[in-house]
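Next come the chains, spelled out residue by residue.
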Amino acid sequence: MLDPKLIRTDIASVAAQLKRRGYVLDVSAIEQLESKRKQCQVHTETLQSERNAKSKSIGKAKAAGEDIQPLLDEVAGLGEALDRAKAELGEVQQQMDAILLGIPNLPHESVPEGKDENDNVEIRRWSEPRVFDFEIKDHVDVGDGLGQLDFESASKLTGSRFVVMRGQLARLHRALIQFMLDLHTGEHGYEEVYVPYIVNSDSLRGTGQLPKFEEDLFCVDAETGYFLIPTAEVPVTNLARGEILDADDLPLRLTSHTPCFRSEAGSYGKDTRGMIRQHQFEKVEMVQLVKPEQAWDALEELTAHAETVLQKLDLPYRVVTLCSGDIGFSAAKTYDIEVWLPGQQAYREISSCSCFTDFQARRMQARWRNPDTGKPELVYSINGSGLAVGRTLVAILENYQQADGSVPVPDALKSYMNGIKVLQ
RNA sequence: GGAGAGAUGACAGAGUGGCCGAAUGUGCUUGAUUCGAAAUCAAGUGAACCCUUACGGGUUCCGAGGGUUCAAAUCCCUCUCUCUCCGCCA
């Protein structure tokens, strides 16, 4: 959520910044609603103040043993007027909230101008795609050749966009999770957290998935408003919801491994082959909650932490800055890390690292106490995948494959594989 | 699943209709005292929002939501969560 004060005082500038991302702010509607809100609120609060004063005098008169009937008569019509004013104000506020919750974050000034993903800017590459001297397979064929990757069983068990892994491959998948968590906790200064995989709608509103993107989620129970998490970002960031953090605890660095569940509504026909786009996948997530002045450095740092995973696995990748038209709803700036997939002859997203400024924090009232002012102020939130485990497995299968169909275990994972050096 | 108890400020804890945004204690901040510290004394110490250039004024918040009333932390209803005991269970 944007700062309502900013929208009130400088709506032209807000509209101009939102235009960069292709969002048209309905300025006149907001201005109209705002003036109505002001009028209603002042009116309502005046009535309330009046009622409070009168009620107080009734109390005093009664205590003094005076006749309170004249005072009661005076206040008689107030209640109804107040009810009407409250109802009107509530309606206006509800409309305003609905608008505010639907406005995306302002892109950071360093975000390149652009319309869609074609305008994203590559900022660096690491390592070179390997040159193969045999006909390469994609991960589906590699996994199938190993007899350890099974989409048919998964579709029998559930439906499309699920997978079953077996044996060494299943173990490699688990090893990746272990490796990533060990790296982030051991070398990057993150605290590991275990969190619920089902969250309530308040949490989803806090990080920005609701109310706008409900169709992307799996609802567990409409009655309770419980949803499966689409990313660990939701439960982990919401740990700070409604809290006032100690300045000494910042920056707060948390990492968590969770499954992620996405309905993938609207992506019919996209990435239907293989385990690139699944309804269920594992991810190790990094979240940082920081003071505003630390935020942009923290985004660079967190992105580097994600890159380290790929470097240690020796997987070629590039980093792109998403352009103003392609950044997500809640983000002010996003770096996508894209790993090289030989099977597709393309770089594909494997991590998305974003700074949300105070956008999420305002929605969830996540604050820290600034010792300089003594006042609670909104934290800045940053998160990124470190990494998407399924896609990392895909990258390993495709990049490490050998002519005979076997796949050597990356050095960084050997200690987790109980002696297995090659998947075969 | 059954029975019971509870949810108040950073924490502990009082408060059963008006004088309660809330006693008291602890903590914290500032000042006094001290060479300094401890102890002691004094003052201050929640949040959100609105109006106002400002000074200042106002509204809301005692788990959440609804209701009764001129007036609700206090009464009524619903829900959530916590604790104790029993049952069941990974």
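Conventions used here
Residues numbered from 1 in each chain as written. Chains lettered and ligands numbered in written order. Predicted model: local features only at pLDDT ≥ 70, side-chain atom pairs only at ≥ 80, totals over all residues. Heavy atoms only, no water. Helix = DSSP H or I, 4+ residues; strand = E, 2+ residues; numbered from the N terminus. Buried < 20%, exposed > 50% of the residue type's maximum accessible area, 1.4 Å probe, protein only. Contact = heavy atoms within 4.5 Å. Near = heavy atom within 4 Å. Polar contact = N/O pair within 3.5 Å; in protein donor to acceptor, adjacent residues only side chain to side chain. Phe/Tyr/Trp six-rings, centres within 6.5 Å; stacked < 30°, edge-to-face > 60°. Pairing = 2+ DSSP bridges. Expected span 1.5 Å × (residues − 1). Disulfide = S-S within 2.5 Å. Axes fitted to C-alpha atoms, helices over the stretch in contact; angles between N-to-C directions. Parallel < 35°, antiparallel > 145°, perpendicular 65-115°, else oblique. Left-handed = near helix turned anticlockwise from the far one by under 90°. Nonpolar A, V, L, I, M, F, W, Y, C, P; charged D, E, K, R; others polar.

A. View of the overall build of chain A. Along its length, chain A carries 13 helices and 18 strands. Its C-alpha atoms give chain A principal-axis dimensions of roughly 100 × 45 × 40 Å. Scored against the burial criterion, the 424 residues of chain A give a buried share of 50%. Partitioning the intrachain contacts of chain A with sequence separation of at least 6 by distance along the chain shows that 74% fall at a separation of at least 24.

B. Region of the structure containing the protein's contact with RNA strand B. Close contacts around RNA strand B come from 21 residues, with Arg-8, Arg-37, Gln-41, Gln-48 and Ser-55 the closest. Sugar and phosphate atoms form 73% of the subset of RNA strand B atoms that lie within 4 Å of the protein. At 2.9 Å, a side-chain N or O of Gln-48 approaches a sugar or linking oxygen of RNA strand B. Here Ser-49 contributes a side-chain N or O atom positioned 3.3 Å from a sugar or linking oxygen of RNA strand B. Of all the secondary structure elements, the ones that give two or more residues to the surface near RNA strand B are helix H1 (4-9), helix H3 (27-63), helix H4 (69-75), strand E14 (367-370) and strand E15 (375-378).

C. Focus on the packing of aromatic side chains. In this structure the tally under the stated criterion is 7 aromatic pairs. Taken together, a centroid distance of 5.7 Å and an interplanar angle of 15° make the contact between Trp-126 and Tyr-317 stacked. In this pair, Trp-126 sits in strand E1 (residues 121-126) while Tyr-317 sits in strand E11 (residues 317-321), placing the two residues 191 residues apart along the sequence. Under the relative-accessibility criterion, Tyr-317 is labelled buried at 1%. Geometrically, the ring pair formed by Phe-132 and Phe-134 is edge-to-face, given 5.5 Å between the ring centres and 85° between the ring planes.

D. Molecular detail of the pairing of strand E13 (residues 346-355). Burial analysis of E13 places 7 of its 10 residues in the buried class, the great majority of the element. The sheet contact formed by strand E12 (residues 333-341) and E13 spans 9 bridges and is antiparallel. Following the sheet pairing, Leu-341 is matched in E13 by Ala-346. Following E12, the chain reverses through 4 residues before pairing antiparallel with E13; Gln-345 in that reversal takes a positive phi of roughly 50°. Alignment of E13 against strand E16 (residues 380-388), held across 3 bridges, turns out to be antiparallel. Bridge pairing in E16 links Ser-354 to Asn-383.

E. Focus on helix H5 (residues 78-101). Its 24 residues give H5 an end-to-end C-alpha distance of 34 Å, which sits within 8% of 34 Å, the value for a rise of 1.5 Å per residue. Among the residues making up H5, those that are buried are Leu-78, Leu-82, Ala-85, Leu-89, Val-92, Met-96, Leu-100 and Leu-101. Against the buried residues of H5 lie H1, H3, H4, helix H9 (201-207) and helix H12 (359-364).

F. Quick peek at the state of the cysteines. Inspection of the entire model under this criterion finds 0 disulfides. Looking at the unpaired Cys-219, the closest cysteine sulfur is the one in Cys-260, lying at 18 Å. Note on Cys-219: relative accessible area 41%, which makes it partly exposed.

G. Expanded view of the packing of helix H8 (residues 167-186) against helix H13 (residues 389-400). Axis separation between H8 and H13 bottoms out at 10 Å; the angle between their running directions is 120°. The orientation of H8 relative to H13 falls into the category oblique. Where H8 crosses over H13, the handedness of that crossing is right-handed. Side by side, H8 and H13 meet where Leu-169, Leu-172, His-173, Leu-176, Ile-177 and Met-180 of the first sit next to Val-389, Gly-390, Thr-392, Leu-393, Ile-396 and Leu-397 of the second. Per-class residue counts for the contact of H8 with H13 are 9 nonpolar, 3 polar and no charged.

Read these as spatial facts, not as claims about activity.
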